[in-house]
Amino acid sequence: MDSREFLEWSEKAARWGVEYREKLRDLPVRAQTSPGEIAAQIAPHAPEAGEAMEAIFADFERIILPGMTHWQHPRFFAYFPANAAPASVVAEYLVTAMAAQCMLWQTSPAATELETAMIGWLRDALGLPAEFTGSIQDSASSATLNAVLVMRERALGWAGNREGLSGQPRIRIYASSHVHTSIDRAIWVSGVGEANLVRIPVTGKSRGMDPVALDAAIRKDLESGYLPAGVIACTGGTSIGAHDDTEAVVRVAHGHGLYVHVDAAWAGAAMICPELRSFWRGVETADSVVFNPHKWLGAQFDCSVQFIRDPDSLVRTLAIQPEYLKTSGKDGFINYSEWSVPLGRRFRALKLWFLLRHHGLEGLRQMIRNHIAWAEELYRRLKTDERFEITSEPFLSLFSFRPVVPAGQDEEAYVQRFLDAINNDGRIYLTQTRLEGKLVIRFQAGQFDMRQEDAEMAHAVLSEFADQPI
Ligand SMILES: *Cc1c(COP(=O)(O)O)cnc(C)c1O
């Protein structure tokens, strides 16, 4: 491809992206294809001879687009958002064009230095203390894995990487039953093992872990010869927004010398609003905190920030310097690849810089406050509507509910059919979770372009389907 063609197709792609965003409100949110429908249209083998871009682009629109679920659709109320504000998309165009691999300071000094600056901006924006530093990871799963590896190495006196886990005392890590599955996977791949992830019971409306039970579990493990290593607290669980009392959890954990990681992958973004910070009071005493600017805040996926109090323990756990990675005379600069499991790193700080500068913190705060207000408004309407039952109260912009199941119907099957009917309709997209054994429907407001009328549409659609035989 020569420069002229590269320009032509780049311009075409950019124009396509803008037109795509403009027409999203008219598209069904969730892809309406059945399994295998897209795969059947893809050639079984790579072509031997090159093809014209016209043909490739046309196939993209014809084959691929119908199989996309539109995460940037303003009525995406499923899961959590994966926002991509236009300013961050523009930054990603530039990053894609430069395509730098930013593993070391010298492989792109600007990427490292901007990353350090953005971590500082976000730390201050979230009200975290100045002792915190951190880095940008691909996902919260990676950040949590980092934290679990540090817990393991600290507890083993840094012997795990060197000697392996066989013959070592059994490490124990504690979390509530509402933490994300990324915690289980970090426990698996770190070699700690699922049997050593101790689930602490939750209490109250916040469904946070009971600090007294946490303390008792640690003491019991110590008596039994286990090696307690760390606690994973959560602010805003994925299911219904469970949140631990971080202050109490850290007090208990630090009382036993344990490392504390806080998973605020979704809810962390809301902490740019000072009035919401009471939900994670005590976070300033934690050792590691993860939040995903690629969720609610608006940074193009992927962009996850891990704040850490003591980078030395992370570097001691993960850094490895073969000859080919040494950078002579550049000591004192951070090589961020020593702060994560993957060596290679994308330049992720640029989209944060574009996003934060273009919208300003006040613009982003307003978006978050709007989402919370609109979710609360819908919650109030469903709460006073006898066709619906609220199953969990709002935490920020997330709550759960179910349609009241008509007498004689199988509850579970009815809720599932109700949800399927709504998602097949396509005007809104909702997903389910299980709460105390029951299938319930989640609603979260968080899409960057969402307006009040989109919340009203959600209400209209729910109302319409509640009146229909399902
Ligand atoms: C989304 C989410 C995760 C996982 O995030 P990834 O970046 O996809 O790994 C972990 N914990 C919570 C609470 C989440 O909401």
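Per-chain numbering applies: the sequence of each chain, read as written, is numbered from 1 onward. The model is predicted, so local features are restricted to residues of pLDDT at least 70 and side-chain atom pairs to those at 80 or more, both for listing and for counting; the totals for chains, interfaces and linings are taken over all residues. Hydrogen atoms and water are omitted, and side-chain values are computed over all heavy atoms in the structure.

Going by what an unreviewed UniProt entry lists, the protein is known as Aromatic-L-amino-acid decarboxylase and is assigned to Gellertiella hungarica. Quoted verbatim from the Cofactor (unreviewed entry) field of UniProt, the annotation for the protein is "pyridoxal 5'-phosphate". UniProt positions are given in the numbering used here, feature names are shortened, and annotations may be inferred rather than shown by experiment. Per its UniProt entry, the protein bears the Sequence similarities (unreviewed entry) comment "Belongs to the group II decarboxylase family."

### Things to note about the overall build of the protein
Helical segments are the DSSP runs of H or I of at least four residues, strand segments are the runs of E of at least two, and each set is numbered from the N terminus. A count of helical and extended segments in the protein gives 14 helices and 13 strands. At 24 Å, the protein has a C-alpha radius of gyration in line with the 23 Å of a compact globule built from 470 residues. If one aligns the C-alpha atoms of the protein with their principal axes, the spans along those axes are about 65 × 60 × 45 Å. In this scheme, a residue with accessible area under 20% of its type's maximum is buried, one over 50% is exposed, and one in between is partly exposed, where area comes from a 1.4 Å probe on protein chains only. Looking at the protein as a whole, 51% of its 470 residues qualify as buried. For a compact globule the rule gives 2.2 Å times the number of residues to the power 0.38, and the radius of gyration it is set against comes from C-alpha atoms.

### Some remarks on the pattern of salt bridges
Any Lys or Arg side-chain nitrogen located within 4 Å of an Asp or Glu carboxyl oxygen qualifies as a salt bridge. Under the counting rule described, the total for this entry stands at 33 salt bridges. With a shortest N-O distance of 3.2 Å, Arg123 and Asp124 are connected by a salt bridge. Between Arg369 and Glu362 there is a salt bridge; the shortest N-O distance is 3.5 Å. What you see here is one network of salt bridges that share partners, running through Arg25, Arg75, Arg451, Glu453 and Asp454.

### Topic: the pairing of strand 2 (residues 171–176)
Buried residues dominate strand 2, accounting for 6 of its 6 residues. Burial along strand 2 is two-sided: Ile171, Ile173 and Ala175 facing one way and Arg172, Tyr174 and Ser176 facing the other are all buried. Summarising the sheet, strand 2 and strand 6 (residues 227–234) pair through 5 bridges and their orientation is parallel. Paired with Ile173 across the bridge in strand 6 is Gly230. For two strands to be treated as a pair, DSSP must find at least two bridges joining them. Across 4 bridges, the pairing between strand 2 and strand 3 (residues 197–200) is parallel. Bridge pairing in strand 3 links Ser176 to Ile200. In terms of handedness, the path from strand 2 via helix 7 (residues 181–189) over to strand 3 forms a crossover that is right-handed. Classification remark: right-handed applies to a crossover when, strands pointing away from the viewer, the course from the first strand over the helix to the second runs clockwise.

### Examining the UniProt feature "modified residue: N6-(pyridoxal phosphate)lysine" (unreviewed entry) in the protein
Within the UniProt annotation, "modified residue: N6-(pyridoxal phosphate)lysine" (unreviewed entry) is assigned to Lys295. Relative to the helices and strands, Lys295 resides in helix 10 (residues 293–297).

### A look at the site of the ligand
Only a single heavy atom is needed: when it lies within 4 Å of a molecule or strand, its residue is near that molecule or strand. Near the ligand there are 14 residues, and of these Ala140, Ser141, Asp263, Asn292 and Lys295 occur at the shortest range. Between the ligand and Ser141, the relevant distance is 2.6 Å, taken from an oxygen atom to a side-chain nitrogen or oxygen of the residue. A 3.5 Å cut-off defines polar contacts: any pair of N or O atoms within that distance qualifies, except that in protein one atom must be a possible hydrogen donor and the other a possible acceptor, and neighbouring residues in sequence count only when both atoms are side-chain atoms. One nitrogen or oxygen atom from the side chain of Asn292 is found 2.9 Å from an oxygen atom belonging to the ligand. Contact with the protein chains removes 87% of the 380 Å² of surface that the ligand exposes when unbound. Of all elements in the fold, only helix 5 (140–155) and helix 10 reach the threshold of two or more residues within the shell around the ligand. In short, Shrake-Rupley with a 1.4 Å probe defines the accessible areas, and a residue's cover is counted only from the protein chains shown.

### Things to note about helix 9 (residues 246–255)
Among all positions in helix 9, only Thr246, Ala248, Val249, Val250, Val252 and Ala253 are buried. Taken together, the buried residues of helix 9 touch strand 5 (208–209), helix 8 (211–223), strand 6 and strand 7 (259–263). A positive phi of about 75° marks Gly257, the residue just after helix 9. By definition in these notes, contact holds between two residues if any of their heavy atoms fall within 4.5 Å.

### Some thoughts on the sheet that holds strand 8 (residues 288–291)
The sheet built from 7 strands is open, its strands ordered 1-9-8-7-6-2-3 with mixed pairing. The sheet is open, and its two edges are formed by strand 1 (133–137) and strand 3, each paired on a single side. Within this sheet the neighbouring strands show an average axis-to-axis angle of 20°, counted without direction. Pairing analysis gives 5 bridges linking strand 1 to strand 9 (residues 304–308), with the strands arranged antiparallel. Note on strand 9: the bridge partner recorded for Ser135 is Gln306. The sheet contacts of helix 9 involve strand 6 and strand 7, and relative to strand 7 the element is tilted by about 160°. To define axes, lines are fitted to C-alpha atoms, for helices over the stretch in contact only, and angles between the resulting N-to-C directions are given on a 0 to 180 degree scale.

### Examining unusual backbone geometry
Cis geometry marks the peptide bond from Phe301 to Asp302; its omega dihedral reads 5°. A positive phi angle, near 40°, is found at Tyr79, a position not held by glycine. On the secondary structure map, Tyr79 appears in the loop between helix 2 (53–64) and helix 3 (86–98). Owing to a relative accessible area of 41%, Tyr79 belongs among the partly exposed residues under this scheme. Look at Leu396: it is not a glycine, yet its phi comes out positive at around 55°. Among the residues examined, Leu396 registers a relative accessible area of 5% and is labelled buried.

### Brief notes about the domain arrangement of the protein
Its domain assignment divides the protein into domain 1 (1–30 + 69–84 + 360–470) and domain 2 (101–346). What fixes the domain bounds is an automatic or database domain assignment. Here the C-alpha centre of domain 2 lies 30 Å away from the C-alpha centre of domain 1. Facing 29 residues of domain 1, the contacting portion of domain 2 comprises 30 residues. Note on definitions: buried area is the accessible-area loss of two parts on being combined, 1.4 Å probe, summed for both. Buried surface at the junction of domain 1 and domain 2, summed over both partners, amounts to about 2,300 Å²; 68% is from carbon and sulfur atoms. Scanning the region where domain 1 abuts domain 2 turns up 2 salt bridges. Close ionic contact of Arg207 with Glu436 constitutes a salt bridge, the shortest N to O distance being 3.2 Å. In this assembly, domain 1 and domain 2 are joined by 10 residue pairs in polar contact (both at pLDDT 80 or more).

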